[in-house]
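Overview (structure and organization)
The chain contents come next:
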Amino acid sequence: MSEITLTFLVMDGPFEQARTTTAFRLIDAALNKGYNVNVFAYEGGVSLSFAEQKPHANTVHGRSFEEENHPLTKDWIAALQEKAKLKECQFNWTNCGLCIDERGVGNVIYGCSRGGPKDFWQWAIQSNSTLVIGTK
Amino acid sequence: MKVLQIIQSAYRCIVEEQDDPVIWFAQVLKSGDGDVDILLKGNAVNYAVNGQGGDGIILGTWQQTCPAKVDQDLHQALNSGLKVYAIAEDITLRGIPETKLISGIQKLSRKELPNLFEEYDQVWSW
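Quick caveat: nothing in here was measured; it's all calculated off a predicted structure.

**Comments concerning the overall build of chain B**
- Helix and strand content of chain B: five helices and seven strands.
- Reading the secondary structure of chain B in the N-to-C direction produces β-α-α-β-β-β-α-β-α-β-α-β.
- Scaling as 2.2 N^0.38, a compact globule of 126 residues should have a C-alpha radius of gyration of about 14 Å, and chain B matches this with 15 Å.
- Oriented by its inertia axes, the alpha-carbon framework of chain B measures out at about 50 × 35 × 25 Å.
- Surface summary for chain B: the accessible area is close to 6,100 Å², and the carbon and sulfur share equals 49%.

**Observations concerning the interface of chain B and chain A**
- Taken together, the contact pairs 23 residues of chain B with 27 residues of chain A.
- Summed over both partners, the interface of chain B with chain A buries about 2,100 Å², with 55% contributed by carbon and sulfur atoms.
- On the chain B side of the interface with chain A, the three residues burying the most area are Glu16, Leu59 and Trp62 of chain B, jointly 34% of the side's total.
- On inspection of chain B and its partner chain A, the count reaches zero salt bridges.
- Put simply, the parts of the chain that give the side of chain B that touches chain A at least two residues each are α1 (14-17), α2 (21-31), β3 (58-59), β4 (62-63) and α3 (70-79) of chain B.
- Residues that form the side of chain B that touches chain A fall into these classes: ten nonpolar, eight polar and five charged.

**Focus: the sheet that holds strand β6 (residues 106-108) of chain B**
All names here are of chain B.
- As summarised here, the arrangement of the five strands in space is β6-β5-β2-β1-β7, forming an open sheet in which the pairing is parallel. With one partner strand each, in any of the chains shown, β6 and β7 (122-125) form the two edges of the open sheet. Mean inter-strand twist for the sheet, computed between neighbouring axes without regard to direction, equals 25 degrees.
- In this sheet, strand β5 (residues 84-87) lies alongside strand β2 (residues 35-40) in parallel orientation, the contact comprising three bridges.

**With respect to the side chain of histidine 70 of chain A**
- As for its position among the elements, histidine 70 of chain A is in the loop between α2 (65-68) and α3 (73-87).
- Within the local environment of histidine 70 of chain A, its side chain forms a polar contact with the backbone oxygen of glutamate 16 of chain B, the two atoms lying 3.5 Å apart.
- Aside from chain neighbours lying at most four places away, what touches histidine 70 of chain A is Phe15, Pro55 and His56 of chain A together with Glu16, Glu17 and Gln18 of chain B.

**Here we look at the sheet that holds strand β2 (residues 36-41) of chain A**
All names here are of chain A.
- One open sheet holds the five strands; their spatial order is β4-β3-β2-β1-β5, and the pairing between them is parallel. Unpaired on one side and paired on the other, β4 (112-115) and β5 (129-133) mark the two borders of the sheet. Neighbour to neighbour, the strand axes of the sheet diverge by 20 degrees on average, direction disregarded.
- In this sheet, strand β3 (residues 91-96) lies alongside β2 in parallel orientation, the contact comprising five bridges. Counterpart to phenylalanine 40 in the pairing with β3 is threonine 94.
- Where α3 meets the sheet, its contacts fall on β3 and β4, and the angle it forms with β3 comes to roughly 150 degrees.

**A closer look at the packing of aromatic side chains**
- This model, assessed by the stated rule, comprises eight aromatic pairs over all chains.
- An angle of 25 degrees between the planes, with centres 6.4 Å apart, marks the rings of phenylalanine 40 of chain A and tyrosine 42 of chain A as stacked.
- Their ring planes at 65 degrees and their centres at 5.2 Å tell us that phenylalanine 25 of chain B and tryptophan 126 of chain B sit as a pair that is edge-to-face. Here tryptophan 126 of chain B lies in the segment after β7 and phenylalanine 25 of chain B lies in helix α2, a separation of 101 residues in the sequence.
- Phenylalanine 25 of chain B gets classed as partly exposed once you look at its relative accessible area, which sits at 33%.
- Residue class for tryptophan 126 of chain B comes out partly exposed when judged on its relative accessible area of 34%.
- Each member of the aromatic cluster is reached from another via a ring pair, and the members are Phe24, Trp76, Phe91 and Trp93 of chain A together with Trp62 of chain B.

**Structural notes on the pairing of β4 of chain A**
Residue and element names in this part refer to chain A.
- With four bridges joining them, β3 and β4 adopt parallel strand pairing. Looking across to β4, one finds that tryptophan 93 is bridged to cysteine 112.
- Assessed by its sense of winding, the connection that carries the chain from β3 through helix α4 (residues 97-103) to β4 is right-handed.

Parameters at a glance
- Residues numbered from 1 in each chain as written.
- Chains lettered and ligands numbered in written order.
- Predicted model: local features only at pLDDT ≥ 70, side-chain atom pairs only at ≥ 80, totals over all residues.
- Heavy atoms only, no water.
- Helix = DSSP H or I, 4+ residues; strand = E, 2+ residues; numbered from the N terminus.
- Rg over C-alpha atoms; globule rule 2.2 N^0.38 Å.
- Areas by Shrake-Rupley, 256 points an atom, 1.4 Å probe, with all protein chains shown as cover.
- Contact = heavy atoms within 4.5 Å.
- Buried area = accessible area lost by both parts, 1.4 Å probe.
- Salt bridge = Lys/Arg side-chain N within 4 Å of Asp/Glu carboxyl O.
- Nonpolar A, V, L, I, M, F, W, Y, C, P; charged D, E, K, R; others polar.
- Pairing = 2+ DSSP bridges.
- Axes fitted to C-alpha atoms, helices over the stretch in contact; angles between N-to-C directions.
- Polar contact = N/O pair within 3.5 Å; in protein donor to acceptor, adjacent residues only side chain to side chain.
- Phe/Tyr/Trp six-rings, centres within 6.5 Å; stacked < 30°, edge-to-face > 60°.
- Buried < 20%, exposed > 50% of the residue type's maximum accessible area, 1.4 Å probe, protein only.
- Right-handed = clockwise from strand over helix to strand, strands pointing away.

What follows is the structure, given as structure tokens:
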């Protein structure tokens, strides 16, 4: 297992901007290198792991439900969990509990836990580096 | 009612949505008999460049199968009868050559905007 651990904080919800995709790219790259990764989801970021996200067909694109294969961030998180297993590195995802309650998105996918800023602080202390990707 | 859609924020969520949501929105309105057109402004003028689009990203074990093709979406919009305008100065500033632009997109100068706006009942800026 790698001795390098990176911690990320993501703050934006899915589907509205490019920062979320960029964060996922960085996390994927870190896992590719076999690094351990912690992700603390804050504010709108807690919706990224919401289990009730649903894909859809797209008549404007002229594609069926299956063809469209609409990207969902909960699936991206699950895919990164799978990659971490393959790479034998740790991948932890914790959502801010109060942010979850505000938004009513408590039904999250397996492997994502509930926590608070103190968890993020502990991760930051134990990590080689911490990247905060805040809302702009 | 005739409405002009001004798009300025470019490439902000096209991976997750597989398109620019405003172009998609305009096409949906058009298909429902909405009388809408599009004006590309600022960074969004790059949408007018032919042949763009990536192969889609791979995240862990997930692979994008239908990445956004904004130029094709604009082709489709034009074919459905939407007018697509782009601000000439913004195209020039970004060094986009005329030969790269999608056929059918109408370039116009900033000083022509008031006259364009006069043609519409409402102008929505995204």
